Amino acid sequence: MGSYDFIRMASYEDREVFFQLPAPESFSYIHSFSMTRTYLVFVTYPLSWNVSSILFSPAILPNLYWRNDVPTRIHLVHRVTKKVRVVETNPIFSFHHVNAYDGEDGKVHLDMIVYPNKTCFDELSLSSLRHGNVFSGGTFRRYVVGDKAVWNEPAFPRVEMPQIHPAFRYRPYRYAYGMGVNNNLVRLDLDTHAVMEWREPHHFPTEPVFVALSEKETDGVLVSVVYDSLQNQTYLVVVNATTMKSMAIMYLAVVIPFTCHGFFQEKI
Ligand SMILES: [Fe+2]
């Protein structure tokens, strides 16, 4: 069987295979991973690729299958020694890690948006969406990983496309942002479990990119590309990350199709 290869990049030109993790049974579908100051946090799921058939398949989704015999595995790869610790946990799937950090207890704290199975893929298929079905989103789940993985799920609404203040990656943090399932942008307070939202009826936001204004966690704005279905136009919205109120709206000359990910570039 093959391996998952981790690439370390000093620049776009300067890159090396930093680590190779064997894939024991099959290749899991991997969408993202996270890091702490000590570990790469790499999670494999029971959702696996049928590698041999994908080469000849016109569509991606039929080549993904759920393996009831494979657990979810949280791999903690030490960033210096490259020693791997594997902790198995209940079957889940996740597109997006939110954040991870080393806890004072020596355990790794890992936040992800999770799904109990592969139904999320079925919901995202064109045939499902064309029948008017909506994507029901994922669940915010916090793992504390020691010898075993313990998790809890704060009572947040379902969410996707998580974002945080970039200076708080690898660190304890309090606020996460994302797309809600009511065509809204949400702010999740991980301490109080309070939820705030930005929403305009008949408007459809995409991933809220957090643009930091200072090192303070709440000091920033969310930028999102929004489709205004009443006017059939696209605009950029800038939302205050503390109040979740719109600060500015800029209509664009063209309609932009829905996108997945973006990032903020201060200088071009
Ligand atoms: Fe993604």
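Residues numbered from 1 in each chain as written. Predicted model: local features only at pLDDT ≥ 70, side-chain atom pairs only at ≥ 80, totals over all residues.

(A) Structural view of the sheet that holds strand E15 (residues 184-189). Read from one edge of the open sheet, 4 strands run E13-E14-E15-E16, paired in antiparallel fashion. Single-partner strands in this sheet number two, and they are strand E13 (159-163) and strand E16 (195-199). Taking the axes of each pair of neighbouring strands and ignoring which way they run, one obtains an average angle of 30° across the sheet. Bridge count for strand E14 (residues 175-180) against E15 is 5 bridges, and the pairing is antiparallel. Bridge pairing in E15 places Tyr-175 opposite Asp-189. (Pairing = 2+ DSSP bridges. Helix = DSSP H or I, 4+ residues; strand = E, 2+ residues; numbered from the N terminus. Axes fitted to C-alpha atoms, helices over the stretch in contact; angles between N-to-C directions.)

(B) Local environment of the nonpolar core. Core analysis: the biggest nonpolar cluster contains 46 residues, and Val-41, Leu-110 and Tyr-177 have the highest contact counts within it. Per-domain counts for this core show at least three residues from each of domain 1 (1-153) and domain 2 (156-268). Sequence-distant contacts of Val-41, that is, excluding residues within four places in its chain, are made with Phe-33, Ser-34, Met-35, Thr-36, Ile-74, Leu-76, Ala-100, Val-108 and Leu-110. (Core = buried A, V, L, I, M, F, W, Y, C linked by C-beta atoms within 7 Å. Buried ≥ 20, exposed ≤ 12 C-beta atoms within 10 Å, placed from the backbone. Domains from an automatic or database assignment. Contact = placed C-beta atoms within 7 Å.)

(C) Spatial organisation of the environment of Cys-260. Take Cys-260: it is sitting in the segment after strand E21 (246-251). In this structure, the C-alpha to C-alpha distance between Cys-260 and Glu-207, residues 53 residues apart in sequence, is 6.8 Å.

(D) Up close: the sheet that holds strand E10 (residues 108-115). Within the open sheet, the 4 strands sit side by side as E9-E10-E11-E12. Their pairing is antiparallel. For this open sheet the edge positions go to strand E9 (93-102) and strand E12 (149-152), each flanked by a neighbour on one side alone. Across the sheet, the mean angle separating the axes of adjacent strands is 25° when strand polarity is ignored. Where E9 lies against E10, 7 bridges are found, and the strand directions are antiparallel. Counterpart to Ser-94 in the pairing with E10 is Val-114.

(E) Structural context of the pairing of strand E11 (residues 139-145). Relative to E11, E10 is paired through 7 bridges, and the arrangement is antiparallel. In the sheet register, Ile-113 faces E11, and the bridge partner there is Phe-140. Bridge count for E11 against E12 is 4 bridges, and the pairing is antiparallel. When the bridges of E12 are listed, Val-145 appears paired with Ala-149. Between E11 and E12, which pair antiparallel in sequence order, lie 3 residues.

(F) Local environment of unusual backbone geometry. The phi angle at His-193 is positive, at roughly 70°, despite the residue not being glycine. Its place among the elements puts His-193 in the loop between E15 and E16. Note on His-193: 11 C-beta atoms within 10 Å, which makes it exposed. A positive phi angle, near 60°, is found at Met-244, a position not held by glycine. One can find Met-244 in the loop between strand E20 (233-240) and E21. Accessibility expressed as a C-beta count within 10 Å gives 19 for Met-244, which makes it partly exposed.

(G) Molecular detail of the environment of Leu-55. Looking at where Leu-55 falls in the secondary structure, it is placed in the loop between helix H1 (51-54) and strand E6 (64-66). Given 7 C-beta atoms within 10 Å, Leu-55 falls into the exposed group. Sequence spacing of Leu-55 and Thr-44 is 11 residues, and the spatial spacing of their C-alpha atoms is 22 Å.

(H) The environment of Asp-5, seen in detail. Residue placement: Asp-5 occurs in strand E1 (residues 3-9). Spatially, the C-alpha atoms of Asp-5 and Phe-19 are 6.0 Å apart, while their sequence positions differ by 14 residues. Setting aside residues up to four positions removed in sequence, Asp-5 forms contacts with Val-17 and Gln-20.

Note that all results are geometric; they support no functional claim without further evidence.
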